[in-house]
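Topology and contacts: notes
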Amino acid sequence: MTVSMGRALNQALADALSEDPGVLVFGEDVGPLGGVFRVTDGLTARFGESRVFDTPLAESGIVGTAIGMAMNGLRPVVEMQFDAFAYPAFEQITSHLAKMRNRTRGRVSLPVVIRVPYGGGIGGVEHHCDSSEAYYTHTPGLTVVTPGTPDDAYRLLRDSIASPDPVIFLEPKRRYWAKGELSGAAVPMDRALVRRTGRDVTLIAYGPMVATALETAEAAVEEGWDVEVVDLRSLSPFDDETVCASVRKTGRAVVVHEAAGFGGYGAEVVARVTERCFHHLHAPVLRVTGFDIPYPPPKLEEHHLPNVDRILDAVARLQWDDEVVGGYRA
Amino acid sequence: MVHTRERSLLPTEEPLSLLRKDGSPVEDSPLTMPDDDVLLELHRRMVVGRRFDTQATALTKQGRLAVYPSSRGQEACEVGSVLAMRAEDWLFPTYRDSVALVTRGVDPAETLTLLQGGWHLGYDPYEHRVGPQCTPLATNTLHAVGFAHAARLKGEDTAALVLLGDGATSEGDTHEALNFAGVWRAPVVFLVQNNGYAISVPLSKQNAAPTLAHKGVGYGVPSVLVDGNDVAAVYAVVREALESGGPTLVEALTYRIEAHTNADDATRYRTSDEVAAWLDRDPVDRIEAYLTSRGLLDPARRSAVAAEAEEFAASVRDKMNVDRTYDPAALFEHVYATPTRHLREQAAALAEELA
């Protein structure tokens, strides 16, 4: 069945609500409106106001009450309307949601899913296009996942709702309308997937950049490069095994994300790959990321976001010839 | 009813009370005086709670506790509110509410685990229906609202009692929690122990409203002002609020006799005259005077209660004087339900370092 990512997420929520009476869906405009991206379309009508409902516009309140509900045995799935709108909930997420299991020595589990539409590329105005993954991946206790395809959107959301741990579920908003098949195949939630096999270089991407990386791989064929694309899916925990197996095979890697590069998630990926694959590398692992600037306005965002050309340029800089002296092209 | 202006949700002009400062009863109080056996129990638990509190402060001086925030002077709130709870209700306390915890039945050693510098929480929240003590202010208000709303969704008759201080009423979470509780009509009682200071910052720099209780009105939450050193009144107000089936904001006027913690110097921000005036309004003396005047508290019972308090303090000392060891390997447990490969590697690295 071919569906959009938004539809796949809607289906995952509906199936979880059907199967487990403890699942609740709430947030801002997720009720009768169906969410600003329509991900919760029709769920209030089908499951009732007590299970799928609108809340006051208060993100700390949404996450804080979800914590209380989870303590009382329910499985809340809450929506932060946009990435940057989640920041008022930061304390509840980092100091309470992430730590409750640890501080109670395993006595209290908080199976809460926080859905966050994130990233740019849709012409969104200020505060609607952040890539905030590093804030969450830097917080022990949180699981952070992001789908790159409709198939993964369905599968990862079902797995996230079933998880005994809190999950930050990052939805690449520019891919809500991208279509794909729902395979029904099971893939462990914490594993990366090789989306395209290749011999020469590994592109490591996630969420909105998976499709861009795959496009780059096709464009690279003309240049004579056989590109492998790894879709991380789970940002925390990180699947060292799959990523390193790919890099050891190709000997070259580029990490791609929309978020600013400095102190970003890609730095962790580069460090892990370098530590584990050093003797297999023919070139430093490079990053293609957003610039280190506040997310730009819609008329300039095309210059900020990684694209096929910029990724190909990075691939070209991976020291393909032997004219390298001291790390610089001679 | 405790609201003189029911339709406006406003608190009364004067704090509600049942006992005057000298222990004489207030004749025209709208509150119902608790039964004699309840009053005796309130007294007993306040005496034991106060002894626990002074013992805990003493343990900081002996290096057995890393820090202790005393609630001396606030026993009417700590004990009155907790004894007003029904078995099925849940308590969401703060770091200053150790007396409330032991009154709820939490083992004193488990109560003090956090302050001892052991694990961040020593007790099982499900055993006594007590959430973790809240250290960042006001975050527990939202947990209480969510918990109580979930109980209603599940068809359970459970209310939540959340404790907070005057400083916490400035935090955004308090306002979001009051609003959510108002909109959802969640069965939650917000008990603000207004002890005059947020560490050193006086209420005048915290609040411009006529009272903190007024803050409930804007959220549609009925609000009550009560004398927080009158244990009979605190008990009556909280019990009625817990049984109301909806939210209530209660401001209890009280005073923190000790400094913020053993590490604080309260003489830098308040006068000894002010402290003396509040010592004169002591909550334990007040209930004792009333019970004595009623002939309910004879010297024999009074000394039995004092002996029980000493025995309790001795047991706390014994428990806290045991040197506990902590296994470093446990650092990696309970970060996730199942340890990740990444954490297993770090656990192995630490084990090797320690071998």
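Since this is a predicted model, take the numbers as computed values, not measurements.

As annotated in UniProt, the feature "domain: Dehydrogenase E1 component" (unreviewed entry) corresponds to residues 44–310 of chain B in the numbering used here. The span residues 44–310 of chain B is 45% helical and 12% strand by assignment, and the distance between its end C-alpha atoms comes to 12 Å.

Further remarks concern the interface of chain B and chain A. Each side of the interface is counted separately: chain B has 34 residues, and chain A has 33 residues. Mapped onto the side of chain B that touches chain A, the elements with two or more residues apiece are helix 6 (125–128), helix 7 (139–153), helix 8 (172–184) and helix 13 (341–354) of chain B. The element best represented in the side of chain B that touches chain A is helix 7 of chain B, accounting for 11 residues. Of the residues in the side of chain B that touches chain A, the class split is 19 nonpolar, 10 polar and five charged.

What follows is about the UniProt feature "domain: Transketolase-like pyrimidine-binding" (unreviewed entry) in chain A. According to UniProt, the feature "domain: Transketolase-like pyrimidine-binding" (unreviewed entry) maps to residues 3–178 of chain A in the numbering used here. As a span, residues 3–178 of chain A carries 36% helix and 17% strand, and end to end its C-alpha atoms are 8 Å apart.

All right, on to helix 10 (residues 265–277) of chain A then. All names here are of chain A. Taking 1.5 Å per residue, 13 residues should reach 18 Å; helix 10 reaches 18 Å between its end C-alpha atoms and fits that length. Residues of helix 10 that are buried: Tyr265, Gly266, Val269, Val270, Val273 and Cys277. Buried residues of helix 10, seen end-on, are gathered within an arc of 135 degrees and therefore sit on one face of the element. Exposed and oriented more than 90 degrees from the buried face of helix 10 are Ala271 and Glu275. On its buried side, helix 10 packs onto helix 6 (133–137), strand 10 (201–205), strand 12 (234–236), helix 9 (240–250), strand 13 (253–260) and strand 14 (286–290).

The subject of this paragraph is the nonpolar core. In this structure, Leu203 of chain A together with Val188, Val237, Val238 and Val250 of chain B are the most contacted members of the largest nonpolar core, which totals 189 residues. Examining the composition of this core, we find that 10 residues originate from one element, helix 9 (residues 231–243) of chain B, more than from any other. Here valine 250 of chain B is in contact with Val189, Phe190, Leu191, Val192, Val224, Val226, Val237, Val238 and Ala241 of chain B, once residues within four sequence places are set aside.

About the criteria used
Residues numbered from 1 in each chain as written. Chains lettered and ligands numbered in written order. Predicted model: local features only at pLDDT ≥ 70, side-chain atom pairs only at ≥ 80, totals over all residues. UniProt positions renumbered as here; feature names shortened; annotations may be inferred. Helix = DSSP H or I, 4+ residues; strand = E, 2+ residues; numbered from the N terminus. Contact = placed C-beta atoms within 7 Å. Nonpolar A, V, L, I, M, F, W, Y, C, P; charged D, E, K, R; others polar. Expected span 1.5 Å × (residues − 1). Buried ≥ 20, exposed ≤ 12 C-beta atoms within 10 Å, placed from the backbone. Arc of directions from axis to C-beta. Core = buried A, V, L, I, M, F, W, Y, C linked by C-beta atoms within 7 Å.

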